[in-house]
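Understanding the architecture of this molecule
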Amino acid sequence: MTVTTLDPKSALITIDLQLGIVSIPSVHPMGAVVKHVRELTEAFRRHGLPVVLVNVAGGAPGRSEQPRAHREFAPGWADLIPELNQQPQDHLVTKRTPGAFTNTGLDAYLRASGVTQVVIVGVATSNGVEATARQAYELGFNITFATDAMTDRDAEAHHNSVTRIFPRIGETGTTQEVIDLLERSV
């Protein structure tokens, strides 16, 4: 389904746009993704809507078949990219799992702010973005994905999330479509 509406109290959630991650090769040019995310952060701030900046600062406990390089990251690796232009009113979430809701207080923050819908963007589409979206869906939030404001290391995984998973749990659209709805509905 194409994005049709934004609730009056929507929040933008940016996933893992941090120094250590934006330097990793991705299927879509990171510069374009960052540009779109910046446009969204500016639009949400202009309308007085919450902006949630999420970074990852470690790995989840437990075994996996694929080895993990780090449980803890080098200094500076988890720092948000300067293009996000973090503002005092932005809500910062530091996570240690793929999803931004696990053990972070994000659900409580959004509910206390009256948020009923989230727009989710960032890196990686098939991991942090998708995990956060699945959690938001299970918690009852309406979800919109700005698909040109996200990327992944794996083209097939990105495509699967965007075409098969996201339409089942929310609406998808471009950055410009989300901004246009924001301008008309808020």
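Below or above, wherever it landed, is the structure these notes cover. Note that this is a predicted model, so its numbers are computed, not measured.

To continue, consider the overall build of the chain. The number of helices and strands found in the chain is 6 helices and 6 strands. Its helices and strands taken in sequence order, the chain reads β-α-α-β-β-α-β-α-β-α-β-α from the N to the C terminus. The C-alpha atoms of the chain give 15 Å as radius of gyration, which agrees with the globular expectation for 186 residues (16 Å, within 12%). Looking at the chain as a whole, 48% of its 186 residues are labelled buried. The contacts in the chain between residues at least 6 apart in sequence include a share of 81% that link residues at least 24 apart. Carbon and sulfur atoms form 51% of the exposed surface of the chain, whose accessible area is close to 9,000 Å². Across the chain, the 16 positively charged side chains and the 20 negatively charged ones have centroids separated by 4 Å.

Bringing the pattern of salt bridges into the picture now. Overall, the coordinates contain 7 salt bridges when judged by the stated rule. Between Glu42 and Arg38 there is a salt bridge; the shortest N-O distance is 2.8 Å. Here the residue Glu42 and the residue Arg38 both occupy positions in helix H2 (residues 30-46), the gap between them amounting to 4 residues, near one helical turn. Relative accessible area serves as the criterion here: at 35%, Glu42 is assigned to the partly exposed category. For Asp90, the salt bridge goes to Arg45, with nearest N and O atoms at 2.6 Å. With Asp90 in the loop between strand E2 (51-56) and strand E3 (91-95) and Arg45 in helix H2, the pair connects residues that are 45 residues apart, well separated along the chain. Arg45 shares its class with Asp90; the two are buried.

Cut-offs and rules
Residues numbered from 1 in each chain as written. Predicted model: local features only at pLDDT ≥ 70, side-chain atom pairs only at ≥ 80, totals over all residues. Heavy atoms only, no water. Helix = DSSP H or I, 4+ residues; strand = E, 2+ residues; numbered from the N terminus. Rg over C-alpha atoms; globule rule 2.2 N^0.38 Å. Buried < 20%, exposed > 50% of the residue type's maximum accessible area, 1.4 Å probe, protein only. Contact = heavy atoms within 4.5 Å. Areas by Shrake-Rupley, 256 points an atom, 1.4 Å probe, with all protein chains shown as cover. Lys, Arg positive; Asp, Glu negative; His and termini not counted. Charge placed at Lys NZ, Arg CZ, Asp CG, Glu CD. Salt bridge = Lys/Arg side-chain N within 4 Å of Asp/Glu carboxyl O.

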